[in-house]
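These are the residues of each chain, in order.
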Amino acid sequence: MKIINQSPEPDDAKSRRGIKPVISYPIDNLPAYDANIYQSARENMHLIESIIIPPRDAKTFEVPAGCFFRIISVEGPQVGDLNLWNKHNISERFFSGKTRALYGTHVSTGDRLYSNLPFLRPMATITHDTLDWYGYDEDGGSVHDVIGTRCDPYTHVALNNKEYHYCCHSNLCRALSNQQQKPISQIEDNVHDVLNVFMCTGFTKNTHQYFMKASPVRPDDFIEFFAEIDLLGGLSACPGGDCSSSHSSDEANCYPLKVEIFKPSADSLKQWTPPKINNYSRGHGYS
């Protein structure tokens with residue numbers, strides 16, 4: 001936000017600014033992250049599928065409820081844009097805004113990715129993150145954000161008056177179109193705001209603008225998720241590469257990403273229960 005002072009500062013400005021903040025959505029009443037359940041399942045899992053996401057492209061993948069999936073850096077520093085849908089109903093999809101409101105601007109182990117309204121339930125839980133050491137740097141940057149949207153060709157035209165067809169939005173549109181066997185015009189609205197995997201981002205301290213900087217990810221780093229419901233995933237290997245300078249172009253060095261899907265033994269999940277759809281009555285004040 002740019003500060004343009006057009007109004008005089010009131011006498012009580014200091015006291016107004018000094019009011020203490022309150023957490024908008026305390027998560028104390030949400031089901032707690034039980035590391036023991038997930039760790040037990042992780043110790044008894046085996047690889048069932050591996051998918052390579054080419055640079056400047058996207059692919060979809062399916063993860064059954066009760067399985068794990070990892071997004072892995074394989075050749076060089078590369079960020080990815082992740083979409084998640086309910087495999088059986090793609091109108092239920094990842095809700096980055098509510099996930100951000102619950103867990104903060106960046107997510108890591110123990111945080112859950114929630115679906116959109118009216119479903120509002122955990123779709124996936126983060127169970128391991130090799131970049132959790134990064135924390136927050138001196139610029140206020142951190143990794144795996146739910147702030148940014150996804151690079152898209154519409155914003156690129158608005159800012160540069162040029163068309164570019166390999167933005168993450170377009171990549172995800174093509175991937176979902178192929179998976180659903182429907183034209184992009186029919187499925188584009190289902191491509192949504194993302195989890196920016198491995199991307200290092202924050203807000204500038206003076207203008208509070210969204211920034212990106214070189215990702216700390218290196219080959220063999222990964223972030224791991226547990227599928228709480230049957231998932232359809234979409235992952236784009238961003239044309240920005242490590243997002244150290246630009247995106248929405250062919251200028252950056254880009255590398256593939258790998259998705260690995262693991263199945264744990266059935267007896268390791270005896271204490272796990274899939275989350276139900278939110279039980280709000282949907283009355284909205286009408287009788």
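These numbers come from a predicted model, not from an experiment. (Residues numbered from 1 in each chain as written. Predicted model: local features only at pLDDT ≥ 70, side-chain atom pairs only at ≥ 80, totals over all residues. Heavy atoms only, no water.)

(A) Structural context of the pairing of strand 13 (residues 257–264). Summarising burial for strand 13: six of the eight residues are buried, a large majority. As judged from the eight bridges shared by strand 1 (residues 45–53) and strand 13, these two strands associate in the antiparallel manner. Within the sheet, the bridge partner assigned to Ile53 lies in strand 13 and is Leu257. Pairing of strand 3 (residues 68–73) with strand 13, which is carried by six bridges, proceeds in the antiparallel orientation. If you follow Phe69 over to strand 13, its bridge partner there is Ile261. (Buried < 20%, exposed > 50% of the residue type's maximum accessible area, 1.4 Å probe, protein only. Helix = DSSP H or I, 4+ residues; strand = E, 2+ residues; numbered from the N terminus. Pairing = 2+ DSSP bridges.)

(B) Layout of helix 5 (residues 168–180). Between its terminal C-alpha atoms helix 5 stretches 18 Å, which fits the 18 Å expected from 13 residues at 1.5 Å a residue. When we look at burial in helix 5, the residues that qualify are Cys168, His169, Ser170, Asn171, Leu172, Cys173, Ala175, Leu176 and Ser177. Packed against the buried residues of helix 5 are strand 2 (58–63), strand 4 (80–86), strand 5 (89–93), helix 4 (153–160), helix 6 (184–187) and strand 12 (231–237). Phi for Gln181, located one or two positions after helix 5, is positive at around 55°. (Expected span 1.5 Å × (residues − 1). Contact = heavy atoms within 4.5 Å.)

(C) Broad picture of the pattern of salt bridges. Per the counting criterion, the structure on display carries twelve salt bridges. As a salt-bridge pair, Asp57 and Arg174 come within 3.1 Å of each other at their nearest N and O atoms. Here Asp57, found in the loop between strand 1 and strand 2, pairs with Arg174, found in helix 5; they are 117 residues apart in sequence, far enough to count as distant. A residue is classified by how much of its surface remains accessible, and Asp57, at 26% relative accessible area, is partly exposed. With a relative accessible area of 25%, Arg174 lands in the partly exposed category. Overlapping salt bridges bring together Arg42, Arg70 and Glu224 as one network. (Salt bridge = Lys/Arg side-chain N within 4 Å of Asp/Glu carboxyl O.)

(D) Spatial organisation of the packing of aromatic side chains. Counted under the stated rule, the structure contains ten aromatic pairs. On the basis of an interplanar angle of 55° and a centroid distance of 6.3 Å, the ring pair of Phe203 and Tyr210 is categorised as tilted. Through successive ring pairs, a cluster of aromatic residues spans Tyr33, Tyr38, Phe68, Phe226 and Trp272. One cation-aromatic arrangement involves Arg70 over Phe222; the distance from NZ or CZ to the ring centre is 4.2 Å. (Phe/Tyr/Trp six-rings, centres within 6.5 Å; stacked < 30°, edge-to-face > 60°. Lys NZ or Arg CZ within 6 Å of the ring centre and 35° of its normal.)

(E) How the structure looks around the sheet that holds strand 11 (residues 222–227). A sheet is described by the order of its strands in space; here six strands give the open sequence 1-13-3-11-7-6, paired in antiparallel fashion. Each edge of the open sheet carries a strand with a single partner, namely strand 1 and strand 6 (112–114). Adjacent strand axes in the sheet meet at a mean angle of 25° when their direction is disregarded. (Axes fitted to C-alpha atoms, helices over the stretch in contact; angles between N-to-C directions.)

(F) Up close: the side chain of Ser115. Inspection of the secondary structure assignment puts Ser115 in the loop between strand 6 and strand 7 (122–129). On the accessibility criterion, Ser115 (0% relative accessible area) is buried. There is a polar contact of 2.9 Å between the side chain of Ser115 and the side chain of Glu92. The contacts of Ser115, once residues within four sequence positions are left out, are Glu92, Arg93, Phe94, Phe95, Leu120, Arg121 and Met123. (Polar contact = N/O pair within 3.5 Å; in protein donor to acceptor, adjacent residues only side chain to side chain.)

(G) Layout of the layout of surface pockets. Space inside the largest pocket adds up to approximately 510 Å³. Together, 25 residues line the largest pocket, and Leu30, Pro31, Tyr114, Pro122 and Pro275 are the ones closest to its centre. Residue composition of the lining of the largest pocket, grouped by class: 14 nonpolar, five polar and six charged. Estimates place the volume of the second largest pocket at around 440 Å³. Elements supplying a minimum of two residues to the lining of the second largest pocket: helix 4, strand 9 (195–203) and strand 10 (210–213). With four residues, helix 4 is the largest single contributor of residues to the lining of the second largest pocket. Among the residues forming the lining of the second largest pocket, the class breakdown is eight nonpolar, nine polar and three charged. (1 Å grid on protein atoms, 1.4 Å probe; cavity = no way out; pocket = protein on both sides within 12 Å on 5 of 7 lines; lining within 4 Å. Points joined across faces, edges and corners; volume = space filled by probe spheres on them. Nonpolar A, V, L, I, M, F, W, Y, C, P; charged D, E, K, R; others polar.)

The quantities given are spatial measurements derived from coordinates; they are silent on function.
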